[in-house]
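Listed below, chain by chain, are the residues.
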Amino acid sequence: MHIRGRLKVLLLAAALAGGCIAQSTRGSVAVDASAGQKPTTPAAAETPMPNRPDSLKFAVLGDFGTGSRGQLQMAAEMARVHERFPFEFVITVGDNLYGSERAQDFTQKFEIPYKPLLDRGVKFYATLGNHDSRDQTHYKLFNMEGKPYYTMKPSKQNVKFVALETTYLVPEQLKWAEQELEGSREDWKIAYFHHPPYSSGNRHGSDATIRSPLEPMFVKHNVSVVFTGHDHFYERVRPQQGIVYFVVGAGGQLRSGNIMRASALTAKGFDTDYSFLIAEISGDEMFFNAIARSGAVVDSGVITRRK
Amino acid sequence: MPPIFVTLAALVLAAACHTGRARGPSADSPAAARPEANSAADTEALAGFVTQLKGYAELHNKLEKMLPPVPNETTPEVMDKHQRALAQLLEQNRKQAKRGDLFTPAGERAIRRILDEVFSGPDGAQFKSTIMDENPSTVKLAINGRHSDDVPLSTMPAQLLARLPRLPEELEYRFIGPRLILLDAHSHTVADYIENILPQ
């Protein structure tokens, strides 16, 4: 368990101000350094996080493929952030395309919105949501290589990403995931998929049928962070059995006011605008900022990996 | 036989008959046709279902081989063209297909019993809630018909999939409303379905 000194100061200041939420459980800590309910400075106006040259930088995006103006604006903000924080890739937590999936849909709902990022060589590693056809696994720009579930190991830092397909958790997939995690020697194990095992969404909320087979596996094999979507807002869940769960489901869809205010799960929630998340892994720490369409940083903090 | 023994025997017989009626389902109740799941009859029925699935998979693969293969990394044009061409071939080669061809009547009964067990268990309500999440009930279904692009794929709980017979790679179990469908995942079409299988 470890809280960094700089954040301790912020934590103390925020606690004094009565606006801070901090949670810790065995093996993992997440600290809300934004320390307030209101969004803070536009992300593009500053260089976010440590932004170290040798760190692993990535973004998380979910529930985005609508082709709507909101998605385009959110995508434009992602491109602006990328100018100052050059994330190498984006992991998607599903619902990559809503509605029909003809060629023009891929163009309008994905290739046009994220063209600035794609042109700069940013790769997308997708997972499937309940709105996604299995065919998407063959789409070159989603880098799934025909597989609905797969692992990905970036060249920087010692991290393994495990991408799962939670609309169809067949026994083979669970067995595969267990083997992948068991055999992993990476410092960081990060899982990402569509359905949230924990969420304070009034519309969907925590999915116990997903949690039941996956959580014991994550706990056993030291998964540190889980990224999900499905509920159309941003939420950082209080650590559960040492694991930090995020809901990042407002990349192009928004369910305004959908986070249940009385939820005991919420460490930080944001449900009044579109959002995505950037993360930076450096050694044993993962820094993160959740960023709204306006560019406001709506949550930030640092997670120490489980050991 | 002494009269006392005759009377006792009659009482025991009457009690046994009464007990039988009280415990057993009436002939017209839904439970009447539901012996224990995983009985030998169900095992045989599910084996029949699996045989039908194999036949479907063979046809599917034969037809799919007539089309250019889809690379692991390709364009939406190639994916869409392949999906619709395969759907067309399946329709042409399954013109006579009707509901119940794959979910054979005996297989359907066995699957209903499995689902009854799953949904009447302690997590049954949660499973149903997961399945019915964003799952419209009013969609029309047709054998070989396209799974509507506007209808999300239902989420299938791992615990339910673990109980159902394993499908060939080409097919998936999904729900559309209260109906369990066999979805051809490559053509995005409905291969067969069972009506009203989710408990109310």
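Chemist: Any chance you could explain the pattern of salt bridges here in plain terms?
Modeler: Two side chains carrying opposite charge are able to pair once their charged atoms lie near each other. All names here are of chain B. This structure, assessed with the given rule, holds 28 salt bridges over all chains. The partner of R99 in a salt bridge is E108, and the shortest N-O contact between them spans 3.7 Å. Among the residues examined, R99 registers a relative accessible area of 36% and is labelled partly exposed. We note a salt bridge from E117 to R163, for which the minimum N-O separation is 2.8 Å. Of the two residues, E117 is situated in helix α4 (residues 105-120) and R163 in the loop between α6 (158-161) and β1 (171-176); the sequence distance between them amounts to 46 residues.

Chemist: Sorry if this is basic, but what is going on with helix α5 (residues 124-132) of chain B here?
Modeler: An α-helical turn contains 3.6 residues, so any two residues separated by three or four positions project in the same direction. Residue and element names in this part refer to chain B. Buried residues of α5: G124, F127, T130 and I131, and no others. Looking straight down α5, one finds its buried side chains confined to an arc of 125°; they lie on one side. Directly beyond the C-terminal end of α5, a positive phi value near 55° is found at E134.

Chemist: Explanation requested: the environment of B:P68 in the structure shown.
Modeler: In this fold, B:P68 is placed in the loop between α2 (40-64) and α3 (76-93). For the pair B:P68 and B:V78, spaced 10 residues apart in sequence, the C-alpha to C-alpha distance is 9.2 Å.

Chemist: Looking at this structure, how should I read the side chain of A:S133?
Modeler: With respect to the element layout, A:S133 can be found in the loop between β5 (123-125) and β6 (150-152). In terms of polar contacts, A:S133 uses its side chain to reach the backbone amide nitrogen of A:D135, at 3.0 Å. Apart from residues lying up to four places away in sequence, A:S133 is in contact with A:E101, A:L128, B:Q83 and B:H188.

Chemist: I keep staring at the interface of chain B and chain A and nothing clicks. Help me out?
Modeler: Accessible area lost when the parts come together is the quantity often used to give the size of an interface. Contacts between the two partners involve 37 residues from chain B and, on the opposite side, 39 residues from chain A. Interface of chain B and chain A: buried area, both sides summed, is about 2900 Å²; carbon and sulfur atoms make up 49% of it. Of all residues in chain B, the largest losses of buried area upon contact with chain A belong to B:E73, B:M79 and B:E134, amounting jointly to 18% of the total for that side. Where chain B meets chain A, there are five salt bridges. In this structure, A:E172 engages B:R166 in a salt bridge whose closest nitrogen and oxygen atoms are separated by 3.5 Å. Summed over the shared surface of chain B and chain A, the result is 22 residue pairs in polar contact (both at pLDDT 80 or more).

Chemist: Quick question: what am I supposed to make of the sheet that holds strand β8 (residues 188-192) of chain A here?
Modeler: Neighbouring strands of a sheet are bound in pairs by backbone hydrogen bonds; such pairs are parallel or else antiparallel. All names here are of chain A. If you walk across this open sheet you meet the seven strands as β6-β7-β8-β9-β11-β10-β12, and the pairing is mixed. Either end of the sheet is taken by a strand with one partner, and the two such strands are β6 and β12 (266-270). Across the sheet, the mean angle separating the axes of adjacent strands is 15° when strand polarity is ignored. With three bridges connecting them, β6 and strand β7 (residues 159-163) associate as antiparallel partners.

Chemist: For this particular structure, what's the right way to read the nonpolar core?
Modeler: The tendency in soluble globular proteins is for nonpolar side chains to be buried as a group. Counting 63 residues, the largest nonpolar core has A:F58, A:F227, A:F246 and A:M286 as its most contacted members. Sorting elements by how many residues they give to this core places strand β14 (residues 285-292) of chain A first, with six residues. The contacts of A:F227, once residues within four sequence positions are left out, are A:F58, A:V60, A:I91, A:V93, A:I190, A:A191, A:Y192, A:F193, A:F246, A:V248, A:L277 and A:M286. Core analysis: the next-biggest nonpolar cluster, separate from the first, contains 37 residues, B:L46, B:L63, B:L164 and B:L182 among them.

Chemist: Would you take a moment to explain the environment of A:N51 for this structure?
Modeler: All names here are of chain A. Position of N51 among the secondary structure elements: in the loop between β2 (28-31) and β3 (56-61). Considered as a pair, N51 and A279 are 228 residues apart in the sequence and their alpha carbons are 9.7 Å apart. Not counting residues up to four positions away in its chain, the partners in contact with N51 are K57, R84, F85, P86 and E280.

Chemist: Help me out: how do you make sense of the confidence of the model for chain A in this one?
Modeler: Regions with low pLDDT should not have their predicted coordinates read in detail. Mean pLDDT over chain A works out to 88, with 85% of the residues at or above the 70 mark. Residue range residues 1-39 of chain A is modelled with pLDDT below 50. Its contacts to residues more than four positions away, or to other chains, number 81 contacts.

Chemist: Can you walk me through unusual backbone geometry in this structure?
Modeler: Excluding glycine, residues mostly have negative phi values, and the peptide bonds linking residues are mostly trans. Positive phi is not limited to glycine here, since A:N51 has a value of about 55°. Residue A:N51 is classed as buried on the basis of its relative accessible area of 19%. The phi dihedral of B:N196 is positive, around 40°, even though this residue is not glycine. Note that B:N196 resides in the segment after β3 (189-194). Residue classification places B:N196 among the partly exposed residues on the basis of a relative accessible area of 48%.

Chemist: What should I look at first to understand the packing of aromatic side chains in this one?
Modeler: The way to describe two aromatic rings as a pair is by their centre distance and the angle between their planes. Residues and elements named next belong to chain A. What the rule picks out here adds up to 21 aromatic pairs over all chains. Measuring from ring centre to ring centre gives 5.5 Å for F110 and Y114, while their planes differ by 45°; the resulting arrangement is tilted. An angle of 85° between the planes, with centres 4.7 Å apart, marks the rings of Y139 and F142 as edge-to-face. Residue class for F142 comes out buried when judged on its relative accessible area of 0%. The rings of F58, F89, Y125, F161, Y192, F227, Y234, F246 and F288 are connected pair by pair, giving a single aromatic cluster.

Cut-offs used in this document
Residues numbered from 1 in each chain as written. Chains lettered and ligands numbered in written order. Predicted model: local features only at pLDDT ≥ 70, side-chain atom pairs only at ≥ 80, totals over all residues. Heavy atoms only, no water. Salt bridge = Lys/Arg side-chain N within 4 Å of Asp/Glu carboxyl O. Buried < 20%, exposed > 50% of the residue type's maximum accessible area, 1.4 Å probe, protein only. Helix = DSSP H or I, 4+ residues; strand = E, 2+ residues; numbered from the N terminus. Arc of directions from axis to C-beta. Polar contact = N/O pair within 3.5 Å; in protein donor to acceptor, adjacent residues only side chain to side chain. Contact = heavy atoms within 4.5 Å. Buried area = accessible area lost by both parts, 1.4 Å probe. Pairing = 2+ DSSP bridges. Axes fitted to C-alpha atoms, helices over the stretch in contact; angles between N-to-C directions. Core = buried A, V, L, I, M, F, W, Y, C linked by side-chain atoms within 4.5 Å. pLDDT = per-residue confidence, 0-100. Phe/Tyr/Trp six-rings, centres within 6.5 Å; stacked < 30°, edge-to-face > 60°.

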